[in-house]
Amino acid sequence: MIKVRRVWLIRHGQSESNAGLPTNGPGASPLTALGREQAARTAAAFTAPPDLIVGSPFVRARQTAEATVQRFPEVPYEEWPVQEFTYLGRLHGPQTTTQQRRPLAEAYWERTDPTYVNGGDGETFAALVTRVHAFLDRLADRPEDGLIAVFTHGIFMKAVIWSLFAGATDPDTAAMRGFRRFNGTCDIPNCAVTELWRPSGPYGFRVVGGGTMHLAETATVQGAASSAALD
């Protein structure tokens, strides 16, 4: 029998930042009422319990995972470093909106320097790619098959998909420019699911296109412009 490791990458529900409200740094934005409804619909979309539920340390992802944790209280829950790409550092100041941060975000991406530390303590693009590969390695090292549900963030999900497609491990300026194009042409709505699966054998993870059918009329899409300013 072929064993398959399946992973659902699930973007968090609509956050206050997504809704255009001011937030206090990249990790503090909670869900809106709509985001909580999206989280509940996502929990209801599971036809069987996952084998593991993983959440980001950021509030909006943890809150999105809560509905699934409550539905399947017997399933282990772990927090992994699958948080959003925080490249603005301290420039993502308290009580600022996505619109206010957009010029800072655009200036960062225009620089296309994968080792640049923005705002004094921002995560570099190179560090993001390293974190993505550490995540994929951690998934691959788990010996059992079955489903892992990972509640994470839009740019992190895009970095996972792009890294699998591009094979980048030590990104240079050209690679960062390529990711920026990919980020601008790939939309991941709130609570969208993108599946990775890894059958036993010589090949790595494969990407299965995501969907939002479980969200019905609650589906929301934030374009690349807002995603670029941190979601």
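Numbers given to residues run from 1 along each chain, matching the order in which its sequence is written. Residue-level local features of this predicted model are given only where pLDDT is at least 70; pairs of side-chain atoms are given and counted only at 80 or more, and the full residue set underlies all totals for whole chains, interfaces and linings. Side-chain calculation: all heavy atoms of the structure are included, whereas hydrogens and water are not.

### Points about the pattern of salt bridges
Selection rule: For salt bridges, the criterion is a side-chain nitrogen of Lys or Arg within 4 Å of an Asp or Glu carboxyl oxygen. Helical segments are the DSSP runs of H or I of at least four residues, strand segments are the runs of E of at least two, and each set is numbered from the N terminus.
In the structure shown here, the tally under the stated rule is four salt bridges. Notably, a salt bridge pairs glutamate 37 with arginine 41, separated by 3.4 Å at the nearest N-O pair. You can see glutamate 37 and its partner arginine 41 sitting in helix H1 (residues 33-44), four residues apart, about one turn around the helix. Among the ionic pairs, arginine 131 bridges to glutamate 123, the shortest N-O distance being 2.8 Å.

### With respect to the side chain of glutamine 83
In plain terms, the rule: Any two residues whose heavy atoms approach within 4.5 Å are treated as being in contact.
Following the sequence through the fold, glutamine 83 ends up in the loop between strand S4 (77-79) and strand S5 (94-96). In this structure, glutamine 83 is in contact with Ser56, Pro57, Phe58, Arg131, His153 and Phe156, ignoring residues within four places of it in sequence.

### With respect to the nonpolar core
The condition that has to hold: As used in this record, nonpolar core signifies buried Ala, Val, Leu, Ile, Met, Phe, Trp, Tyr and Cys residues forming a set joined through side-chain atoms within 4.5 Å. Exposure classes here rest on a 1.4 Å probe applied to the protein chains alone. A residue is buried below 20% of its type maximum, exposed above 50%, and partly exposed in between.
Judged by nonpolar contacts, the single largest core of 38 residues is most densely connected at Phe125 and Phe135. Where this core is concerned, the elements lending two or more residues are strand S1 (4-11), strand S3 (52-55), helix H3 (98-111), helix H4 (125-141), strand S6 (146-152), helix H5 (154-166) and helix H6 (173-185). Setting aside residues up to four positions removed in sequence, phenylalanine 135 forms contacts with Leu9, Trp80, Val82, Val150, Phe156 and Val160. Membership of the second largest hydrophobic core comes to eleven residues, among which are Ile10, Phe72, Leu147 and Phe151.

### Let's talk about the confidence of the model for the protein chain
Put simply, the rule is: Residue-level confidence of the predictor is what pLDDT reports, using numbers from 0 through 100.
The predicted model of the protein chain averages 90 in pLDDT, with 87% of residues at 70 or higher. Across residues 223-229, confidence stays below pLDDT 50; counting only partners more than four residues off in sequence or on other chains, it has 19 contacts.

### Concerning the packing of H4 against H5
In plain terms, the rule: Fitted lines through C-alpha atoms serve as axes, helices being fitted only where they are in contact, and the angles separating the N-to-C directions of these axes extend from 0 to 180 degrees. Any angle that is under 35 degrees is reported as roughly parallel, and any over 145 degrees as roughly antiparallel; angles of 65 to 115 degrees are reported as roughly perpendicular and all others as oblique. Each residue gets one of three labels, nonpolar for Ala, Val, Leu, Ile, Met, Phe, Trp, Tyr, Cys and Pro, charged for Asp, Glu, Lys and Arg, and polar for the others, Gly among them.
Put simply, H4 and H5 touch, their axes get as near as 10 Å, and they point 75° apart. Our classification of the angle between H4 and H5 gives roughly perpendicular. Contact residues: H4 offers Phe125, Leu128, Val129, Arg131, Val132, His133, Phe135 and Leu136, while H5 offers Phe156, Ala159, Val160, Trp162, Ser163 and Leu164. Here the contact of H4 with H5 is built from residues that sort into eleven nonpolar, two polar and one charged.

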